[in-house]
There are 2 protein chains.
Amino acid sequence: MDVTATTSTLASAAAEVARLLPGRVLDPVLAGLVLRADDDGVVLAGSDREHSVRLARQAIVHSSGAVLVPAKPFAETLRALDAPEVRLVVEGSRLAIRTPGARFALPLLDVDSHPGVSLPPALAGHVRADALVAATAPVAGAASRDDALPIFTGIRLRAEGDRLMMLATDRYRMAVASVPWQAAPGGEPLDVLAPASVLAEVAKQAARAGLVALHADADRIGLSWGDDSVSSALLASPFPDERVRKLLDTNTDCAVDVDADSLAGAVRRAATYAGAHGTVTVQVDDGELRVRGSDPQAGESDEAVKATVNGDRATKTFQVRYLADALRAFAGREVRLLMQEGLRSTVLTAEPGDDGVELTYLVVPMRPPTR
Amino acid sequence: MDVTATTSTLASAAAEVARLLPGRVLDPVLAGLVLRADDDGVVLAGSDREHSVRLARQAIVHSSGAVLVPAKPFAETLRALDAPEVRLVVEGSRLAIRTPGARFALPLLDVDSHPGVSLPPALAGHVRADALVAATAPVAGAASRDDALPIFTGIRLRAEGDRLMMLATDRYRMAVASVPWQAAPGGEPLDVLAPASVLAEVAKQAARAGLVALHADADRIGLSWGDDSVSSALLASPFPDERVRKLLDTNTDCAVDVDADSLAGAVRRAATYAGAHGTVTVQVDDGELRVRGSDPQAGESDEAVKATVNGDRATKTFQVRYLADALRAFAGREVRLLMQEGLRSTVLTAEPGDDGVELTYLVVPMRPPTR
């Protein structure tokens with residue numbers, strides 16, 4: 001193999017592959033990057049069996065071939081190069097990375113013992129990249145990071161007609177997004193539970209694409225855009241769809257329209273006074289919300305935020321970080337808070353943006369502190 | 001006390017005081033910020049007994065007074081405010097931070113039980129702020145972070161005529177800077193060992209000042225600029241001045257002039273191949289330096305950097321991070337490497353910059369790896 005390519009192009013692709021692969025594994029082959037050159041250019045790929053990534057990039061191919069090299073030094077070396085062009089050439093038992101004056105020689109690993117990089121499963125449909133990014137950030141943020149209960153680390157993806165529903169909950173808050181969806185003709189309807197961390201990472205990488213294709217079968221989910229594709233094992237556990245549906249049946253006592261950023265600012269300032277339990281109180285008053293905190297060391301806070309109030313007065317206590325996360329999802333917009341009786345969840349919604357994403361965020365209130 | 005002030009002015013001053021004070025202490029009084037208002041404006045101050053900081057700021061003083069409040073919530077609240085102006089007013093047992101629509105009430109601590117904020121000791125002389133910053137960054141970086149050997153966590157400061165000598169070593173490398181110095185008439189000559197971490201932090205804060213005054217007595221060092229001052233307890237242990245002097249007596253076998261950034265780039269790229277001991281080899285060749293690394297997993301690297309060589313050929317092995325630190329201190333400049341026999345240190349120097357700072361950096365080479 002012997003290729004010449006733009007350093008920055010290869011460096012960013014190698015970084016994406018390296019980011020996906022495990023840092024320290026017993027089997028160095030699984031920490032390897034597959035580099036394949038043929039008439040179409042080069043493909044950089046990797047797989048730790050659970051996740052796979054495959055990125056095609058332009059290159060001048062002097063002679064074709066495929067090698068497996070350690071991903072981390074390959075990515076690090078390309079990133080650190082100042083030279084605009086780089087040559088990758090097999091020399092004996094080494095892949096040489098050459099620039100004028102410098103040679104970096106990576107050992108060739110046994111490419112035949114690599115498990116291979118699976119192609120994404122069957123095409124299910126397409127979403128706009130900007131809508132996927134806008135929806136994935138808040139939804140993935142509401143997923144749990146605790147692997148002890150894997151279903152709550154996932155995003156529930158379900159296509160219904162021309163909408164894709166994305167939902168995640170860690171049991172204390174829940175984010176639901178509905179995104180415009182183009183089902184693939186003759187494809188199976190998408191209905192899976194995918195790892196939230198993988199979707200969040202991939203959505204960021206796909207942000208500059210126009211359309212993102214979603215692929216799925218019984219075991220895997222795949223996303224592809226341009227010449228790039230990523231696939232990942234699904235989470236197996238059944239999701240409590242029925243309970244989620246009940247939570248979304250709201251019975252509102254009080255609806256409040258408020259500028260999300262103004263309320264987020266007040267909540268951010270009250271966080272200093274959130275006490276040992278990290279809670280703030282939101283009281284619905286005439287034409288305003290009052291955000292209050294109280295902490296034995298720091299003192300007390302009380303801030304009023306202008307709002308349009310419809311319905312009964314209500315006072316709710318929230319985990320300050322859950323409320324802050326929820327409001328961040330509506331940044332720059334007017335948000336509607338729907339408050340329900342007692343400890344039933346408070347629902348945040350807004351008019352859909354230009355990207356057609358409809359977002360609903362539920363935060364479960366806490367028992368008021370006894371201070 | 002009742003004052004009105006610009007929020008950003010107070011916020012940055014409060015952040016500086018809070019940064020200096022210990023985060024969690026048994027005695028909340030030592031984590032307190034002293035706020036004093038009189039006809040001249042406000043003074044924000046704090047002291048954890050070891051360090052003291054005192055910052056004077058403009059404010060409209062409606063009524064004077066002095067209070068002690070918890071520093072962290074005070075700084076956090078001011079930083080989070082959007083309102084351009086803020087009012088600070090004592091209300092009963094609270095200091096109220098007020099903006100339109102919001103009130104944050106911090107408990108008043110017992111100002112009489114505070115140890116007080118010591119003024120800096122006697123004036124020793126002045127340095128230009130830009131020279132102090134340029135010298136402190138590399139010198140403080142060469143100090144040890146290991147508190148088990150306190151003398152190596154310090155910067156040795158000694159005034160000699162119109163130069164201030166600053167020196168630090170962690171025993172594996174040493175940085176020496178000589179900075180233009182204006183001794184105070186009739187002042188004692190400066191000759192102290194000061195904590196490197198404090199000087200590094202303070203130099204950053206003083207960067208925008210024109211001149212920085214240095215103060216010292218037998219126990220403390222102080223720095224002041226504009227209306228701000230900081231003081232800190234000195235490190236008590238005697239410094240091995242005699243051994244340091246011997247290290248600076250160089251007996252050069254080989255002198256190499258090279259662009260510091262080009263060599264730093266090659267060293268950065270070789271770091272991937274630095275192996276378990278984190279070492280790279282620098283070989284002096286005809287008209288170039290060759291930087292080499294070797295790692296059992298990552299492979300080998302070999303890069304040539306153009307250089308002007310005078311004297312014998314030599315090959316030295318260095319800790320890659322020490323060599324990278326040393327070269328960073330000469331960023332953007334031509335650096336001269338003076339190589340000595342065997343395991344005697346390699347000396348890096350350069351022509352002084354516009355700020356008049358003369359910098360010398362010594363790195364002790366390692367035994368070559370046996371691979």
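Residues numbered from 1 in each chain as written. Chains lettered and ligands numbered in written order. Predicted model: local features only at pLDDT ≥ 70, side-chain atom pairs only at ≥ 80, totals over all residues. Heavy atoms only, no water.

- As recorded by an unreviewed UniProt entry, chain A carries the name DNA polymerase III subunit beta and is attributed to Solihabitans fulvus.
- In its Subcellular location (unreviewed entry) section, the UniProt entry covering chain A states "Cytoplasm". (UniProt positions renumbered as here; feature names shortened; annotations may be inferred.)

1. Quick look at the relation of the copies chain B and chain A
The second copy of the chain is related to the first by a rotation about an axis and a shift along the axis.
Then, in step 1: Superposition of chain B onto chain A requires a rotation of 180° combined with a translation of 0.0 Å along the rotation axis, giving an RMSD of 0.0 Å. Viewed as a symmetry operation, the transformation between the two copies matches a two-fold axis.
Then, in step 2: Of all interface residues in chain B, 100% are interface residues in chain A too; the two copies therefore contact each other through one and the same surface. (Least-squares fit on C-alpha atoms with pLDDT ≥ 70 in both. Contact = heavy atoms within 4.5 Å.)

2. Some thoughts on unusual backbone geometry
Then, in step 1: Phi is positive for A:R49, close to 75°, though the residue is something other than glycine.
Then, in step 2: One can find A:R49 in the loop between β3 (41-47) and β4 (51-57).
Then, in step 3: Even without being a glycine, B:R171 presents a positive backbone phi close to 85°.
Then, in step 4: By the element assignment, B:R171 lies in the loop between β12 (163-169) and β13 (173-180).
Then, in step 5: You can call B:R171 partly exposed: its relative accessible area is 45%. (Helix = DSSP H or I, 4+ residues; strand = E, 2+ residues; numbered from the N terminus. Buried < 20%, exposed > 50% of the residue type's maximum accessible area, 1.4 Å probe, protein only.)

3. So, the packing of helix α6 (residues 260-270) of chain B against helix α7 (residues 320-328) of chain B
All names here are of chain B.
Then, in step 1: Where α6 meets α7, the closest approach of the two axes is 9 Å, and the angle between their N-to-C directions is 160°. Considered as vectors, α6 and α7 are oriented roughly antiparallel to each other. Note on packing geometry: the crossing formed by α6 with α7 is left-handed. Facing A260, L263, A264 and V267 of α6, the residues of α7 in contact are V320, L323, A324 and L327.
Then, in step 2: Looking at the contact of α6 with α7 residue by residue, the class counts come to 8 nonpolar, no polar and no charged. (Axes fitted to C-alpha atoms, helices over the stretch in contact; angles between N-to-C directions. Parallel < 35°, antiparallel > 145°, perpendicular 65-115°, else oblique. Left-handed = near helix turned anticlockwise from the far one by under 90°. Nonpolar A, V, L, I, M, F, W, Y, C, P; charged D, E, K, R; others polar.)

4. Notes on the pattern of salt bridges
Residue and element names in this part refer to chain A.
Then, in step 1: Following the criterion strictly, the structure yields 50 salt bridges over all chains and no others.
Then, in step 2: Between E242 and R245 there is a salt bridge, with its nearest N and O atoms 2.9 Å apart. Placement of both E242 and R245 in helix α5 (residues 241-248) is noted, with a separation of 3 residues, approximately one turn of the helix.
Then, in step 3: The class of R245 is partly exposed, set by a relative accessible area of 44%.
Then, in step 4: Ionic pairing is found between R336 and D257, a salt bridge with its closest N-O pair at 2.8 Å. Of the two residues, R336 is situated in strand β25 (residues 334-340) and D257 in strand β19 (residues 252-259); the sequence distance between them amounts to 79 residues.
Then, in step 5: Residue R336 is classed as partly exposed on the basis of its relative accessible area of 37%.
Then, in step 6: Sharing partners across several salt bridges, the network here consists of R156, R158, E160, D191 and D241. (Salt bridge = Lys/Arg side-chain N within 4 Å of Asp/Glu carboxyl O.)

5. Re the environment of A:R79
Then, in step 1: With respect to the secondary-structure elements, A:R79 resides in helix α2 (residues 71-80).
Then, in step 2: Note: C-alpha distance between A:R79 and A:A11 (68 residues apart in sequence) is 5.2 Å.

6. Overview of the interface of chain B and chain A
By a frequent convention, interface size equals the accessible area lost on bringing the separate parts together.
Then, in step 1: Taken together, the contact between chain B and chain A spans 27 residues of the former and 27 residues of the latter.
Then, in step 2: Looking at the side of chain B facing chain A, the largest losses of area belong to B:F104, B:R269 and B:E300, adding up to 23% of the total buried there.
Then, in step 3: Put simply, chain B and chain A have 6 salt bridges between them.
Then, in step 4: Measuring nitrogen to oxygen at the nearest pair gives 3.2 Å for the salt bridge that ties A:R269 to B:D82.
Then, in step 5: Our enumeration of links across chain B and chain A arrives at 18 residue pairs in polar contact (both at pLDDT 80 or more). (Buried area = accessible area lost by both parts, 1.4 Å probe. Polar contact = N/O pair within 3.5 Å; in protein donor to acceptor, adjacent residues only side chain to side chain.)

7. Regarding the pairing of strand β13 (residues 173-180) of chain A
The two faces of a sheet get side chains in turn, since along a regular strand they alternate between them.
Residue and element names in this part refer to chain A.
Then, in step 1: Where burial is concerned, most of β13 is hidden: 7 out of the 8 residues are buried.
Then, in step 2: In this structure, strand β12 (residues 163-169) lies alongside β13, joined through 7 bridges in antiparallel fashion. Counted as the bridge partner of M165 is S178 from β13.
Then, in step 3: Linking β12 to β13, which pair antiparallel, is a turn of 3 residues; within it R171 sits at a positive phi near 85°.
Then, in step 4: Pairing between β13 and strand β27 (residues 358-363): 6 bridges, direction antiparallel. Paired with V176 across the two strands is T360, which belongs to β27. (Pairing = 2+ DSSP bridges.)

8. Digging into empty space enclosed by the protein
All names here are of chain A.
Then, in step 1: Per the counting criterion, the structure on display carries 2 cavities of 30 Å³ or more.
Then, in step 2: Lining the largest cavity, in full, are L132, T136, L157, L164, M166, L199, A203, L214, I221 and L223.
Then, in step 3: In terms of residue class, the lining of the largest cavity is made up of 9 nonpolar, 1 polar and no charged.
Then, in step 4: Quantified by volume, the second largest cavity comes out at close to 30 Å³.
Then, in step 5: In terms of lining, the second largest cavity is formed by E16, L20, V53, E201, V202, Q205 and V230. (1 Å grid on protein atoms, 1.4 Å probe; cavity = no way out; pocket = protein on both sides within 12 Å on 5 of 7 lines; lining within 4 Å. Points joined across faces, edges and corners; volume = space filled by probe spheres on them.)

9. Re the UniProt feature "domain: DNA polymerase III beta sliding clamp central" (unreviewed entry) in chain A
Then, in step 1: Mapped onto this numbering, the UniProt entry gives "domain: DNA polymerase III beta sliding clamp central" (unreviewed entry) at residues 130-241 of chain A.
Then, in step 2: The straight-line gap between the two end C-alpha atoms of residues 130-241 of chain A is 27 Å; of that span, 21% is helix and 42% is strand.

10. Some thoughts on the side chain of A:D257
All names here are of chain A.
Then, in step 1: By relative accessible area, which is 14% here, D257 ends up buried.
Then, in step 2: Within the structure, the side chain of D257 is placed 2.8 Å from the side chain of R336, a separation counted as a polar contact.
Then, in step 3: Discounting residues that sit within four places of it in the chain, D257 has contacts with A307, T308, E334, V335 and R336.

11. A look at the packing of aromatic side chains
Residue and element names in this part refer to chain B.
Then, in step 1: The tally for this structure, following the rule as stated, stands at 4 aromatic pairs over all chains.
Then, in step 2: Between Y172 and Y322 the ring centres are 6.2 Å apart and the planes differ by 10°, which places this aromatic pair in the stacked class. Residue Y172 is located in the loop between β12 and β13, and its partner Y322 is located in helix α7; the two are separated by 150 residues in the primary sequence.
Then, in step 3: Residue classification places Y172 among the partly exposed residues on the basis of a relative accessible area of 42%. (Phe/Tyr/Trp six-rings, centres within 6.5 Å; stacked < 30°, edge-to-face > 60°.)

12. Looking at the sheet that holds strand β19 (residues 252-259) of chain B
All names here are of chain B.
Then, in step 1: The 9 strands are arranged β15-β11-β12-β13-β27-β26-β25-β19-β23 in an open sheet whose pairing can be described as antiparallel. Only two strands of the sheet have a single neighbouring strand rather than two, namely β15 (191-195) and β23 (308-311). When strand polarity is set aside, the average angle formed by the axes of neighbouring strands in this sheet is 15°.
Then, in step 2: Taken together, the 4 bridges between β19 and β23 define a ladder with antiparallel strand orientation.

13. Some words on the domain arrangement of chain A
Then, in step 1: Under the domain assignment, chain A is made up of domain 1 (2-113), domain 2 (123-237) and domain 3 (250-363).
Then, in step 2: On a C-alpha basis, the centres of domain 1 of chain A and domain 3 of chain A stand 49 Å from each other. (Domains from an automatic or database assignment.)

14. Comments concerning the pairing of strand β2 (residues 32-38) of chain B
All names here are of chain B.
Then, in step 1: Counting buried positions along β2 yields 5 of 7 residues, so the element is predominantly enclosed.
Then, in step 2: Relative to strand β6 (residues 65-70), β2 runs antiparallel, the two sharing 6 bridges. Bridge pairing links L35 to V67 in β6.
Then, in step 3: Examined bridge by bridge, β2 and strand β3 (residues 41-47) share 5 bridges and lie antiparallel to one another. Within the sheet, the bridge partner assigned to D38 lies in β3 and is G41.
Then, in step 4: Hairpin connection of β2 to β3: 2 residues between the antiparallel strands.

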